[in-house]
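# Residue-level structure breakdown
Residues per chain are reported as follows:
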Amino acid sequence: MLLALESSCDETSAAVVHDGRVLANVVSSQIKLHAEYGGVVPELATREHLRNLLPVAQSALRAAQPVAAVCDRRSEDGRRSQSAAKDIDAIAATIGPGLPQALMIGARAAQAMAFALRKPFFGIHHHEAHLYSPWVTTANPKPETRNAKLQSDFSTFQPNVSLIVSGGHTMLVFVEAELKHHLLGSTVDDAAGECFDKAAKLMGLPYPGGPELDALAEQGDPRAFDFPRPMIRDLHDDFSFSGLKTSVRYFLRDQPFVLDDPDLVRDLCASVRAAIVDVLVTKTVRAAKRLGVRCVTASGGVTCNRALRKQLAEACAQNSLTLRLADKSLCTDNAAMVGILAERKLQRGTAPTSFDEEVKPSWPLVG
Ligand code: KG4
Ligand code: ZN
């Protein structure tokens, strides 16, 4: 069994995984704390991680226990203890990229635990972990393992183009094989989630505005207002969303009355959402076709967006591409994806990370 920790931004999370199954995945979100400031405040995030990390880890270990006990009864040597903590074979944590002090809380705790238990430690790249969350699916749980609802399925793994899209990052990655990937492109300015959040803020919606804007957009007309689709025709795989955010600002400066009419607000939300989603879908599918892969995956908070899920599904179907979207519970930051990746590394003989490895706040994604 492997214990994984994630604390790179504003979610404190711990997960226990075993043989590709997520036995427990506990996430403590700080969204409410940061909402008051309209964005993540690093100092507050650090304090919250410090306060929550050990309770979250304990609760993951406790939640994993009933499932671990079933594994015990099945295990050949029958020597496994009822205590999940005693059964830990390795410990992993996100060590970058992310907020330096926030990363340090999870990484140092994991390194100390691994040192004390004399188990290997795996320092995981946050974006690399996102690449594996679409391969974790909601299993049809058997009664005796009902806690293990999430299970990875690498038997169907194919080379893929992976879209990682959240508040902090927007990138396209060519995943050539398991544990082998190349960054194709990323945003040159704002991330797509940031654009959703900033556009929502201009409309007076509460933080984080992405989900609110998405909900309102469901009732609006995406063709009501025409917003730019930045870089949609460019053949490279980079993105740019700050210009789109600026056009929403100018739109509202010139037509402030739109905000007084709920129908127009819904149309505005739908039109902004359509612009962002069109760019993401067009560039993702184009990259997949260019590289000749048959599979597209997507993860990160913005992958919860209804229009993105729907349009990606339609575009992939039209182009005979298999689509794997991260389960909604695993789109936002979580330790399950960190654990699933770390366990693959452990099983494939990847060398563990040193106990005194430093965190890497700006760690680039390389293969
Ligand atoms: O992955 P995540 O939890 O954190 C990082 O930024 O790393 O993603 C959070 C982002 C926020 O910008 C949030 O507004 C956006 O994901 N988001 C959405 C939706 N749900 C979350 N954006 C658009 N539509 C949604 N339904
Ligand atoms: Zn993330």
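The rules we used
- Residues numbered from 1 in each chain as written.
- Chains lettered and ligands numbered in written order.
- Predicted model: local features only at pLDDT ≥ 70, side-chain atom pairs only at ≥ 80, totals over all residues.
- Heavy atoms only, no water.
- Donors = N, O, S within 2.8 Å, 3.2 Å for Na, K, Ca; no water.
- Helix = DSSP H or I, 4+ residues; strand = E, 2+ residues; numbered from the N terminus.
- Buried < 20%, exposed > 50% of the residue type's maximum accessible area, 1.4 Å probe, protein only.
- Axes fitted to C-alpha atoms, helices over the stretch in contact; angles between N-to-C directions.
- Parallel < 35°, antiparallel > 145°, perpendicular 65-115°, else oblique.
- Contact = heavy atoms within 4.5 Å.
- Nonpolar A, V, L, I, M, F, W, Y, C, P; charged D, E, K, R; others polar.
- Pairing = 2+ DSSP bridges.
- Domains from an automatic or database assignment.
- Buried area = accessible area lost by both parts, 1.4 Å probe.
- Near = heavy atom within 4 Å.
- Polar contact = N/O pair within 3.5 Å; in protein donor to acceptor, adjacent residues only side chain to side chain.
- Core = buried A, V, L, I, M, F, W, Y, C linked by side-chain atoms within 4.5 Å.

### Some remarks on the coordination of the zinc ion (ligand 2)
With distances of 2.1 to 2.2 Å, the protein atoms coordinating the zinc ion (ligand 2) are His126 (NE2), His130 (NE2) and Asp333 (OD). Binding-site remark: the zinc ion (ligand 2) is held by donors from one chain whose sequence spacing is H-x3-H-x202-D. Residue His126 and its partner His130 are both found in helix α4 (residues 126–132); the two are separated by 4 residues, about one turn of the helix. Classification of His126 by relative accessible area gives buried; the value is 1%. With relative accessibility at 0%, the residue His130 sits in the buried group.

### Quick word on the packing of helix α5 (residues 192–202) against helix α6 (residues 209–217)
Running from amino to carboxyl end, α5 crosses α6 at an angle of 70°, the nearest separation of the two axes being 7 Å. When the axis of α5 is compared with that of α6, the two are roughly perpendicular. Of α6, the residues touching α5 (which contributes Phe196, Asp197, Ala199 and Ala200) are Gly209, Gly210 and Leu213. The residue inventory of the contact of α5 with α6, partitioned by class, reads 4 nonpolar, 2 polar and 1 charged.

### Quick word on the sheet that holds strand β8 (residues 160–165)
As summarised here, the arrangement of the 5 strands in space is β10-β9-β8-β11-β12, forming an open sheet in which the pairing is mixed. Sheet topology places β10 (180–186) and β12 (322–325) at the edges, where each strand pairs with a single neighbour. Across this sheet, the average inter-strand angle for adjacent strands is 20°, counted without regard to direction. Of the strand pairs in this sheet, β8 and strand β9 (residues 170–177) are connected by 6 bridges, and their pairing is antiparallel. Bridge pairing in β9 links Val165 to Thr170. Where helix α8 (residues 262–291) meets the sheet, its contacts fall on β8, β9, β10 and β11 (295–299), and the angle it forms with β8 comes to roughly 155°. In the packing of helix α9 (residues 306–318) onto the sheet, contacts are made with β8, β11 and β12, and the angle to β12 comes to roughly 160°.

### Section: the domain arrangement of the chain
Assigned domains within the chain: domain 1 (2–156 + 330–347) and domain 2 (160–293). One C-alpha centre belongs to domain 1, the other to domain 2, and the line joining them spans 29 Å. Listed by partner, the interface residues are 18 residues for domain 1 and 15 residues for domain 2. Across the interface of domain 1 and domain 2, roughly 1,300 Å² is buried in total on both sides, 66% from carbon and sulfur atoms.

### Things to note about the site of ligand 1
What surrounds ligand 1 is a group of 18 residues, the closest being Gly167, Asp197, Asp214, Gly301 and Asn305. Between Asp197 and ligand 1, the recorded distance is 2.5 Å, taken from a side-chain N or O atom to an oxygen atom. If you list the elements that add at least two residues to the shell around ligand 1, you get α5 and α6. Of the residues assigned to the shell around ligand 1, the class counts are 5 nonpolar, 9 polar and 4 charged. When residues are assigned to domains, the shell around ligand 1 turns out to be shared by domain 1 (2–156 + 330–347) and domain 2 (160–293), each giving three or more.

### Here we look at the nonpolar core
Generally speaking, a soluble globular protein has its nonpolar side chains buried in company with each other. Judged by nonpolar contacts, the single largest core of 48 residues is most densely connected at Met203, Phe227, Phe241, Leu268, Ile276, Leu280 and Leu308. Looking at this core, the elements with two or more residues in it are β8, β9, α5, α6, α7 (242–254), α8, β11 and α9. Each residue touching Ile276, except ones within four places of it in the same chain, is listed here: Ala192, Cys195, Phe196, Phe241 and Leu244. One finds Ala90, Val136, Met337 and Ile340 within the second-largest nonpolar core, a separate group that totals 31 residues.

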